[in-house]
Amino acid sequence: MRQFFAILKDSFREAVDGFVIYLMLALSVLLVVVVASISFAPAPPDEALPKVMQNFRMIFPDRGKSAAPTGVPVEYKTADAEATPNGAKFVLTAASPKAPKSATADAEKDGAPADGFRYAVYAWREPAGEKNKNPFGNRPGGRNRNQNQRTDLEFVLPPPATAADLQTVTDADMAAFIKDQFATFAGVGDVTVTRRPGVAEPEYQFDVGLRDISGARGWPHAISLFFGSVPPIKGVPLGQALQFIEDVIVNGIGAAVTLMLSVVITAFFIPNLLRKGSVDLLISKPIGRSQLLVYKYVGGLTFIFLLSAVSIGGVWLALAVRSGQWDPSFLLVIPVLTFTFAILYAVSTVVAVFTRSAIAAILVSLGFMLFLYILGQVKSFFDMNKVTNIMEAPDWVYTVVDTANNLLPRYKDLDKLTSKLVVDSTLTPGEVRLGGLLTDYPSWSGAIGVSVGFIAIMLALSCWRFSRRDY
Amino acid sequence: MSVIETRELRKTYGRIEALKGVSIRVEKGQIYGLLGQNGAGKTTLIKVLLGIVSKTDGEAGLLGHAAGDPAARRKVGYLPEDHQFPGYHTGYSLMDFYGALYGVPAADRRRKIPETLELVGIAGRMNSKIRTYSKGMKQRLGIAQALLHDPDLVILDEPTDGVDPLGRREIRELMQRLKDRGHTIFLNSHLLGEVELICDRVAILQQGKLVREGTIADLTRQKGRHEMAVAPGQQFPADAVMKLGYVVTPLPDRPDVFEVSMPDGQSIDPVVRLLLDKGLGLRHLVEKKQSLEEAFLATVEGAEPGVDKRPKGGRRVRQVGGRD
Ligand SMILES: Nc1ncnc2c1ncn2[C@@H]1O[C@H](COP(=O)(O)OP(=O)(O)OP(=O)(O)O)[C@@H](O)[C@H]1O
Ligand SMILES: [Mg+2]
């Protein structure tokens, strides 16, 4: 352990010796400051509610537990909207879009009984109906080799209902439905709903009270940058703004830049160690060579770990303070980014041990990064092509792409998975589920397992070479 | 148990035979010097002992472990030739790093590092980056890092390289003190005058072979050559001595003193007896010695000066110092 920490400390010294690390730290701090300058103010209820309720026609059956949505057209209107401290109070009116006909069994034919709202609540309360077909359809010759990619999108039909079925919907069901819709599409959890008596069905009125709207993921917010010195951007749901900052700016652009710069800086560590005159000093110490190399490898990882801890931790903290969203999932991007770097650094290490050249290590690792990125894109394309069959491709192309993807580290998958972490921790449950329908997420175990295997092989190869070589 | 022991040790780098069956033994408490021309294989021998290169054949042991075993290196301090310390360290932090690798506890390191650097005379600069050190300062630092963990054996590959004369004397005295404290020192050097001053035993390598080994006295003694002179006013009986089979020549600069070399296996005693029998007074009898340098040059005579060339199948051999 003492040796391990000694080498970590040495790597740290080596890292902070150059100016590049300070440049990167300065950029990180700048990013954190810019993020901290953003303020989020919830939009007033009369502006926000119509936007939020646009989504209410979408219903997740089975009391919101179904993964696949269905839709029932109902018109929702608000009246007498008033802001309360960190909340809102208003009258919600739900009405069927069509002229009310009696909800008869023949209405089942087109699937939408005339009392649209009761039917919506019924569809929400009951288990999901039949699955809809893939809306893209499988074209003739389309492939269904479905490895881990979804080949048909899931929607469910609302269940059939008779007029008598609709009468089983109680006021409590209606209140629960409205609460669930606010939770699902606005991320507002604290909702009170009371049905107003004396309104002729199929129109329904409710007194609704919302609390804790500032910080609610789906609630539109006004976003101002640079401590309010520029005019705010209005009406953006808070979660989407956070997701953009965390996923696109930090986890996307920021991570790519950090990875590339880190590859360049750390690529010098091992060739420096192997330089004539330096290497004897270390390998004459009472430490095994493989141990030395692996410690040194881990030392290289601490570099990006510290850097991403500063930038991601800082951005997270700034956003949490500013927006009131304290979900810590985004912090998991720190270890995942470090792990992604571990894949590249393993390649850098092998090249460094075999060639002792930092330039070769940089070129090969960056080339490998690009290659994995392209492979990920190609894989996505062919997965899509299985469904849509846009491009005719012989079977072997699929085999090659799938095999390469299965054997090589899942650089792209890790990226998708961190995006999912961010999505899950910023967007509303409704957006998350809809997003899940469109995107297929790889598994953590697969992505990490194969990558760990790859790293192990690279390190084993490096250790083998390092241990046997005369210096 | 010997501190260092090799038996028929061989090392070949590709087609270059750097060591061709070297057997040496270094006992505890000795200062042992390894001499040889450039490219003779001295550094290679050390590197095999420390596991920096692997041996091709034969045996090598260090402090009771097989050479190359990390445990063997725990009690060894090593100063490599042409070392390059990482420039991002200060003298202090480098010592701290290496000390931790040797397993020296942090508290001991804090105490010992300034002490050791003081010993080699660079304590005043211990908080400057190594890249600002002069060559000799780096060399002194190199010696310090080899001593920090109080090793049983210190291996120094050209320790006084780049050090000024005063510093060289300090280093010599340091080695003497270490020896007095029971440490063993194994040393490569081209400065024969120094080696002669401090080493107990020396070995001479030539083209990867051990050509001489022994105490300094052994090496510098010139077997069978004596200087003799009789009392003033008396005549040295050169002819009578020659009749006994000895070769007698007057020293060019001192005509009254004669060099007497005897045939193999003979001792000087018959000459002494002859002088006494003749009633002559023996005033001067010295076994002739060489300086270590003369002995060394005599040993490696014939080799081209400077580089230990090793013809192999008519092929010109690689250069000095070793490319890797
Ligand atoms: N890594 C290497 N690869 C190939 N040949 C080497 C290597 N290291 C040393 N040699 C060769 O081995 C022979 C012995 O080299 P070594 O460094 O042991 O000599 P040395 O006695 O220490 O010389 P010097 O006095 O110049 O330091 C030389 O011919 C050298 O060229
Ligand atoms: Mg040498």
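Analysis parameters
- Residues numbered from 1 in each chain as written.
- Chains lettered and ligands numbered in written order.
- Predicted model: local features only at pLDDT ≥ 70, side-chain atom pairs only at ≥ 80, totals over all residues.
- Heavy atoms only, no water.
- Helix = DSSP H or I, 4+ residues; strand = E, 2+ residues; numbered from the N terminus.
- Contact = heavy atoms within 4.5 Å.
- Areas by Shrake-Rupley, 256 points an atom, 1.4 Å probe, with all protein chains shown as cover.
- Lys, Arg positive; Asp, Glu negative; His and termini not counted.
- Charge placed at Lys NZ, Arg CZ, Asp CG, Glu CD.
- Buried area = accessible area lost by both parts, 1.4 Å probe.
- Salt bridge = Lys/Arg side-chain N within 4 Å of Asp/Glu carboxyl O.
- Polar contact = N/O pair within 3.5 Å; in protein donor to acceptor, adjacent residues only side chain to side chain.
- Nonpolar A, V, L, I, M, F, W, Y, C, P; charged D, E, K, R; others polar.
- Donors = N, O, S within 2.8 Å, 3.2 Å for Na, K, Ca; no water.
- Buried < 20%, exposed > 50% of the residue type's maximum accessible area, 1.4 Å probe, protein only.
- Core = buried A, V, L, I, M, F, W, Y, C linked by side-chain atoms within 4.5 Å.
- Phe/Tyr/Trp six-rings, centres within 6.5 Å; stacked < 30°, edge-to-face > 60°.
- Lys NZ or Arg CZ within 6 Å of the ring centre and 35° of its normal.
- Pairing = 2+ DSSP bridges.
- Patch = residues over 30% accessible without salt bridge, like charges linked within 9 Å, V, L, I, M, F, W, Y side chains within 5 Å.
- Axes fitted to C-alpha atoms, helices over the stretch in contact; angles between N-to-C directions.
- Domains from an automatic or database assignment.
- Expected span 1.5 Å × (residues − 1).
- Parallel < 35°, antiparallel > 145°, perpendicular 65-115°, else oblique.
- Left-handed = near helix turned anticlockwise from the far one by under 90°.

Caption draft 1: View of the overall build of chain B. The helix and strand tally for chain B stands at 10 helices and 14 strands. Considered along the principal axes of its C-alpha atoms, chain B spans approximately 75 × 50 × 35 Å. A sequence separation of at least 24 residues applies to 69% of the contacts in chain B between residues at least 6 apart. If you sum the accessible surface of chain B, you get close to 15,100 Å²; carbon and sulfur atoms cover 48% of it. Charge centroids of chain B, computed over 49 positive and 42 negative side chains, lie 5 Å from each other.

Caption draft 2: Examining the interface of chain B and chain A more closely. At the junction of the two partners, chain B supplies 35 residues and chain A supplies 28 residues. Between chain B and chain A, roughly 2,800 Å² of surface is buried when both sides are summed, and carbon and sulfur atoms account for 53% of that area. Our count for the contact surface shared by chain B and chain A stands at 5 salt bridges. Between A:Lys9 and B:Asp96 there is a salt bridge, with its nearest N and O atoms 3.5 Å apart. Across the contact surface, chain B and chain A share 19 residue pairs in polar contact (both at pLDDT 80 or more). Those elements giving two or more residues to the side of chain B that touches chain A turn out to be strand 1 (4–13), helix 1 (42–50) and helix 2 (91–101) of chain B. In terms of residue count, the dominant contributor to the side of chain B that touches chain A is helix 2 of chain B (6 residues). Across the side of chain B that touches chain A, the residue classes tally to 16 nonpolar, 9 polar and 10 charged.

Caption draft 3: Local environment of the coordination of the magnesium ion (ligand 2). All names here are of chain B. Thr43 (OG1) and Glu81 (OE) make up the full set of protein donors to the magnesium ion (ligand 2), lying at 1.9 to 2.5 Å. You can see Thr43 sitting in helix 1 and its partner Glu81 sitting in the loop between strand 6 (76–79) and helix 2, a full 38 residues away along the chain. Accessibility expressed as a relative area gives 15% for Thr43, which makes it buried. Residue classification places Glu81 among the partly exposed residues on the basis of a relative accessible area of 23%.

Caption draft 4: Structural view of the nonpolar core. Grouped together as the largest cluster of nonpolar side chains are 153 residues, with contacts concentrated most on A:Phe40, A:Phe466, B:Ile4, B:Leu117, B:Leu141 and B:Phe186. Residue contacts for B:Ile4: discarding those within four places in its chain leaves B:Ile24, B:Arg25, B:Val26, B:Leu49, B:Gly61, B:Leu62, B:Leu153 and B:Phe186. With 41 residues, the next largest nonpolar core counts A:Val52, A:Met53, A:Ala120 and A:Val188 among its residues.

Caption draft 5: Examining the pattern of salt bridges more closely. Residue and element names in this part refer to chain B. Across all of its chains, the model carries 33 salt bridges over all chains by this definition. For Glu173, the salt bridge is made with Arg169, and the minimal N-O distance between the two is 3.6 Å. Residue Glu173 and its partner Arg169 are both found in helix 5 (residues 165–180); the two are separated by 4 residues, about one turn of the helix. According to the relative accessible area criterion, Arg169 is partly exposed, its value standing at 44%. A cluster of three or more residues bridged by salt bridges with shared partners is formed by Glu5, Arg7, Arg25, Glu27 and Glu59.

Caption draft 6: Spotlight on unusual backbone geometry. Although it is not a glycine, A:Arg356 sits at a positive phi angle of roughly 60°. Of note, A:Arg356 is situated in the loop between helix 11 (333–355) and helix 12 (358–388). Owing to a relative accessible area of 23%, A:Arg356 belongs among the partly exposed residues under this scheme. The phi dihedral of B:Asp150 falls on the positive side, at around 55°, and the residue is not glycine. A residue is classified by how much of its surface remains accessible, and B:Asp150, at 37% relative accessible area, is partly exposed.

Caption draft 7: Representation of the packing of aromatic side chains within the structure. With the rule as written, the count across this model stands at 21 aromatic pairs over all chains. With 5.4 Å between their ring centres and 5° between their planes, A:Phe368 and A:Phe454 make a pair best called stacked. Of this pair, A:Phe368 sits in helix 12 while A:Phe454 sits in helix 16 (residues 444–468), and the two are 86 residues apart along the sequence. In this pair, the class of A:Phe368 matches that of A:Phe454, namely buried. Joined through ring pairs, the aromatic side chains of A:Phe56, A:Phe60, A:Tyr76, A:Phe90, A:Phe117, A:Trp124, A:Phe177, A:Phe182, A:Phe185, A:Tyr204 and A:Phe206 make up one cluster. Sitting above the plane of the B:Tyr98 ring, A:Lys285 keeps its charged end 4.2 Å from the centroid. The ring centre of A:Phe466 lies 5.9 Å from the NZ or CZ of A:Arg289, which sits over that ring.

Caption draft 8: Layout of the pairing of strand 13 (residues 258–261) of chain B. All names here are of chain B. Residues Phe258 and Val260 line one face of strand 13 and the alternating positions Glu259 and Ser261 line the opposite face, and both faces are buried. In the sheet, strand 12 (residues 247–250) pairs with strand 13 via 4 bridges, with the strands oriented antiparallel. Bridge assignment links Val248 to a residue of strand 13, and that residue is Val260.

Caption draft 9: How the structure looks around a nonpolar patch on the surface. There is a patch of nonpolar side chains on the surface, built from A:Phe19, A:Leu23, A:Leu27 and A:Leu30 and spanning about 450 Å² of accessible area. Counting through the fold element by element, A:Leu27 comes out in helix 2 (residues 20–36).

Caption draft 10: Up close: the sheet that holds strand 9 (residues 201–206) of chain B. Residue and element names in this part refer to chain B. Across the sheet, which stays open at both edges, the 6 strands sit in the order 6-7-8-3-9-10 with mixed pairing between neighbours. Two strands in the sheet have a free side with no partner beyond their single neighbour: strand 6 and strand 10 (209–215). On average, adjacent strands in this sheet sit at an angle of 15° to one another, irrespective of strand direction. One ladder, built from 5 bridges, connects strand 3 (residues 31–36) with strand 9; its direction is parallel. When the sheet's bridge partners are listed, Leu34 is paired in strand 9 with Ala203.

Caption draft 11: Just the domain arrangement of chain B, in detail. Taken domain by domain, chain B holds domain 1 (4–218) and domain 2 (232–280). Taking the mean C-alpha position of each, domain 1 of chain B and domain 2 of chain B sit 47 Å from one another.

Caption draft 12: Representation of helix 6 (residues 171–186) of chain A within the structure. Residues and elements named next belong to chain A. Here helix 6 contains 16 residues, and its C-alpha end-to-end distance of 22 Å stays within 8% of the 22 Å for a straight helix at 1.5 Å per residue. Of the positions making up helix 6, those classed as buried are Asp173, Met174, Ala175, Phe177, Ile178, Asp180, Gln181, Phe182, Thr184, Phe185 and Ala186. At the exit of helix 6 stands Gly187, carrying a positive phi of roughly 70°.

Caption draft 13: Expanded view of the packing of helix 7 (residues 238–266) of chain A against helix 14 (residues 411–426) of chain A. Residue and element names in this part refer to chain A. The contact between helix 7 and helix 14 brings their axes to 9 Å, and the two run at 155°. One element, helix 7, and the other, helix 14, form an angle in the roughly antiparallel class. When you trace helix 7 past helix 14, the crossing you get is right-handed. Across from Gly239, Leu242, Gln243, Glu246, Asp247, Asn251 and Leu259 in helix 7, the residues of helix 14 making contact are Tyr411, Asp415, Thr418, Ser419, Val422, Val423, Ser425 and Thr426. Across the contact of helix 7 with helix 14, the residue classes tally to 5 nonpolar, 7 polar and 3 charged.

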